[in-house]
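Residue-level listing of the chains:
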Protein chains: 2
Amino acid sequence: MSNIDIEQANATAVERMIESQPVLTGLGIARDVIPGMRDNLLLHAGPPITWDRMSGPMRGAMIGALIFEGKANTAEEAEALLISGEIDFEPCHHYASVGPMAGVTSASMAVYIVENQADAAVGGGNLAFSNLNEGYGKVLRYGAYQEDVQERLTWMHEVMAPVLKEAIEALGGIDIRALLAEALHMGDEGHNRNKAGSVLFTKILAAVVPEVAPDGKTAAAILKGLGDNALSVLNPVMAACKASCDAAHGVEGSTIVSAMCRNGTDFGIRVSGLGDQWFAAPAQVPDGLYFPGFDSSHANADIGDSTITETAGIGGFAMAAAPAIVTFISGKPSDAINTTMEMYEITSSEHKYFTIPALDFRGTPTGIDLRSVVETGLTPRINTGIAHKEAGVGQVGAGLVRPPMAIFEEALVTFAEKYGF
Amino acid sequence: MSNIDIEQANATAVERMIESQPVLTGLGIARDVIPGMRDNLLLHAGPPITWDRMSGPMRGAMIGALIFEGKANTAEEAEALLISGEIDFEPCHHYASVGPMAGVTSASMAVYIVENQADAAVGGGNLAFSNLNEGYGKVLRYGAYQEDVQERLTWMHEVMAPVLKEAIEALGGIDIRALLAEALHMGDEGHNRNKAGSVLFTKILAAVVPEVAPDGKTAAAILKGLGDNALSVLNPVMAACKASCDAAHGVEGSTIVSAMCRNGTDFGIRVSGLGDQWFAAPAQVPDGLYFPGFDSSHANADIGDSTITETAGIGGFAMAAAPAIVTFISGKPSDAINTTMEMYEITSSEHKYFTIPALDFRGTPTGIDLRSVVETGLTPRINTGIAHKEAGVGQVGAGLVRPPMAIFEEALVTFAEKYGF
């Protein structure tokens, strides 16, 4: 028997997660700010994957990123380059980054910078990054890469990003933990419903953007873009959750899950006490509500790094805070309560800062314990958008999904082997 | 026996209330836009009252309004004028207007203009007005009238109001019914908790204000002012509720309450089928949570026209939508649910557009039926801010209050006499 105290290790890991203080401190170009980022590297959502196994939306986003980078003029040129071996593909997670859906991030892209301002004693000081949210419709994160997508990306990078950078810095940063705590009292769960968070984000920025923008028209366009996009805060929220989860990662002897993510083909997890190893298996197609004209036959398997929200104790885990979400993902408001209640069974703690008014301000279930998942047979509940399986069609619905149980079982076996239980 | 069909009359009144379409279409100076407004008239919250019976905050606001108008330079000069008989006092309600707390509105003040854009067949076409919200601290609506209050009012009128007017017009109006419907899904109840509504209001305006403001600094200051004030949308919301309730007023044979308001001394109601008559009795002191350093001995009796929200089916009636409000007014989240459930017992309908996710999207209890109040012994539940009884100290807490039962009994007796039941 090992002399590792799992309970103590988990308490340490989850304390680091909960006591993290993720603050959005700025915005920069990936190659300048993400350590290790380079021009021939494309970051992507989920665990590692090769070109031949990538789904439609992931491939489309890769193509779009190379066109955005000016490395290709057409999809054909991009594909040739992508299979040539000259471009490296690596998970965002390997670079302290996260991206929704395809999550493809290339060297010239602007990224939000989130700093965990907690004391080093509780794991603070780390950085995390996420790209900018493009809004709805035909967007890169769903694998669209055509001209209008490129035009939007160019405007976001040339016009919006410099203004946001200046505004965030002028504000001295934006406390994302505080913003999320407030948004959870305003009907958000922080993953699939970020309406309140996005308007809070917009109103915080609106106090500064008109002063730092080059002119009133540009300021208005930026604020309208942020305000009309109910997901505008998703990317900073994801980076904040990544910063929190990374703080909890690497605690020797801990069975706490420190990352969950999907690349559209596989669902992968990492565990705090199991280093950099991924445990991955085929991702499921979410159950949910489809937009008119679409059904599950059009759906791609689960995709995106946004499950970092559930890993950090919000998203599906905080659904009881967001009863109105059922109009979007199907179900009844009582299902939202039940989802959160179920997640208390597989988590080791209740969040100190994220609370749910309808549950008498109980903290959200936080810190997925591998052992509890396997013992109870309950996998984490995840709220998610559903991507069309063909590149660039976009979102076709939203719903709930669970990771495959096999990856938790495999991780637990590995844990037992490593620590000699 | 009368041959009036009360059920039919009430159905007509409540349909007009629910089907009203209050849209914030602009902003103007009271003397220019409120029919009948004149320079020697001060509008105030609540039912009619004379100077000698006015509470501290009401008197303070009257003094402040005369200083703002340039009719007095000091409180003493103002008081002399107020008791001279040269100034008329009349309820806001007599001028299609409503104002929070003291609600004092003078001829030079800017007011929001809300138009009920429903068809004339369901009572549409009427206008309603409300003054601008000054934010927190020492403000006119709590009876403060000193120099800093005047400076803030001057900035609001000279700088903010012209920009808001242009922005609202450039947007083609702001649909307040839609905004409220969304805010109720984001943890607001629309009276004492308007956090979500105020950030939604700010983000809608943020898409235009930078373009119509004279410069970026001014745009930023206006948007910061709106965004930091969790009550910035309260006044347009109150005007919207007034437009809805006025549409329901004047239906022959209806026992539906079409106005509830307080002047800090008396609580008054009007009834749809009883014309312009007020039924009034002494207002209570609210039960609630006091800010540090204050208790009920400091509290003024219930004050303000904001009970127009409960009259229209939101506020205390929609508390189940806003479980987080209990941190502000005391109680448990289950009390919020119970409050709404109780109000179904005294209302004739459920709102079609204002729904509560936690109650499976049930419509809010709407249309207070005088008969049900008297029969059940249940008076309406009202969420409210609590004013200090001395002029200008400001808000000292927030809580729940009920109107005196006597006014409902008196109204029912009058109804019986008028219609010969």
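Since the structure is predicted, the reported quantities are computational estimates derived from the model, not experimental observations.

Novice: Explain the overall build of chain A residue by residue, including any values.
Specialist: When helices and strands are counted, chain A shows 15 helices and 16 strands. In terms of overall dimensions, chain A is globule-like: its C-alpha atoms have a radius of gyration of 20 Å, near the 22 Å expected for 421 residues. The dimensions of chain A, computed from C-alpha atoms along their principal axes, are 60 × 50 × 45 Å. Within chain A, the fraction of its 421 residues that count as buried is 61%. For chain A, the share of sequence-separated contacts (at least 6 apart) that also reach a separation of at least 24 residues comes to 74%.

Novice: Quick one: what's the story with the interface of chain A and chain B, residue by residue and with numbers?
Specialist: Counting residues at the interface gives 29 residues for chain A, matched by 29 residues for chain B. Listed by contribution, the elements that provide at least two residues to the side of chain A that touches chain B are α7 (195-206), α8 (209-212) and α9 (216-228) of chain A. Within the side of chain A that touches chain B, the residues separate by chemical class into 17 nonpolar, five polar and seven charged.

Novice: An account of the relation of the copies chain A and chain B is needed here, citing residue identities and associated values.
Specialist: Mapping chain A onto chain B calls for a rotation angle of 180° and an axial translation of 0.0 Å; the resulting RMSD is 0.0 Å. Accordingly, the operation relating the two chain copies is best matched by a two-fold axis. The C-alpha atom lying nearest the rotation axis in chain A is that of Met186 of chain A; the distance is 2.2 Å. The fraction of interface residues of chain A whose copies in chain B are also interface residues reaches 100%, indicating that both copies meet through the same surface.

Novice: Break down the environment of Lys352 of chain B for me, citing the residues and quoting the values.
Specialist: As for its placement among the helices and strands, Lys352 of chain B is situated in strand β13 (residues 347-356). In the structure, Lys352 of chain B is positioned 298 residues away from Met54 of chain B in sequence and 39 Å away in space, judged by C-alpha atoms.

Novice: Got a sec to walk through the sheet that holds strand β1 (residues 22-29) of chain B? Specific residues and values, please.
Specialist: Residue and element names in this part refer to chain B. With mixed pairing, five strands are arranged side by side in an open sheet as β4-β6-β5-β1-β7. Each of the sheet's edge strands pairs with one partner strand only, and the pair in question is β4 (97-98) and β7 (174-175). Note: β1 against strand β5 (residues 110-116), seven bridges, orientation antiparallel. Its bridge partner being in β5, Pro22 is matched across the sheet by Asn116.

Novice: Any details on the packing of helix α5 (residues 147-170) of chain B against helix α9 (residues 216-228) of chain B? Residues and values, ideally.
Specialist: All names here are of chain B. Between α5 and α9, the shortest axis-to-axis distance is 11 Å and the interhelical angle comes to 85°. Taken as axis vectors, α5 and α9 run roughly perpendicular relative to one another. Contacts between α5 and α9 pair Val159, Met160 and Val163 from the former with Thr218, Ile222 and Gly225 from the latter.

Novice: If you had to explain the domain arrangement of chain A to someone new, which residues and values would you point to?
Specialist: All names here are of chain A. Assigned domains within chain A: domain 1 (6-236) and domain 2 (250-419). Here the C-alpha centre of domain 2 lies 20 Å away from the C-alpha centre of domain 1. On the side of domain 2, 63 residues touch domain 1, which itself brings 51 residues to the contact. Residue assignment for the side of domain 1 that touches domain 2 shows that the elements contributing at least two residues are α1 (6-19), α3 (56-68) and α6 (176-184). Per-class residue counts for the side of domain 1 that touches domain 2 are 26 nonpolar, 18 polar and seven charged.

Novice: Quick one: what's the story with the environment of Glu19 of chain B, residue by residue and with numbers?
Specialist: Residue and element names in this part refer to chain B. Mapped onto the secondary structure, Glu19 falls in the loop between α1 (6-18) and β1. Residue Glu19 is classed as buried on the basis of its C-beta count, with 20 C-beta atoms lying within 10 Å. In the structure, Glu19 is positioned 395 residues away from Thr414 in sequence and 28 Å away in space, judged by C-alpha atoms. The contact partners of Glu19, leaving out residues within four places of it in the chain, are Ala118 and Val122.

Novice: Can you tell me about unusual backbone geometry, naming the residues and giving the values?
Specialist: Here the phi dihedral of Phe361 of chain A falls at roughly 65°; this positive angle occurs in a residue that is not glycine. Locating Phe361 of chain A in the fold gives a position in the loop between β13 (347-356) and β14 (362-368). Look at Ala96 of chain B: it is not a glycine, yet its phi comes out positive at around 55°. Relative to the assigned elements, Ala96 of chain B resides in the loop between β3 (88-91) and β4. For Ala96 of chain B, a count of 19 C-beta atoms within 10 Å gives the class partly exposed.

What counts as what
Residues numbered from 1 in each chain as written. Chains lettered and ligands numbered in written order. Predicted model: local features only at pLDDT ≥ 70, side-chain atom pairs only at ≥ 80, totals over all residues. Helix = DSSP H or I, 4+ residues; strand = E, 2+ residues; numbered from the N terminus. Rg over C-alpha atoms; globule rule 2.2 N^0.38 Å. Buried ≥ 20, exposed ≤ 12 C-beta atoms within 10 Å, placed from the backbone. Contact = placed C-beta atoms within 7 Å. Nonpolar A, V, L, I, M, F, W, Y, C, P; charged D, E, K, R; others polar. Least-squares fit on C-alpha atoms with pLDDT ≥ 70 in both. Pairing = 2+ DSSP bridges. Axes fitted to C-alpha atoms, helices over the stretch in contact; angles between N-to-C directions. Parallel < 35°, antiparallel > 145°, perpendicular 65-115°, else oblique. Domains from an automatic or database assignment.

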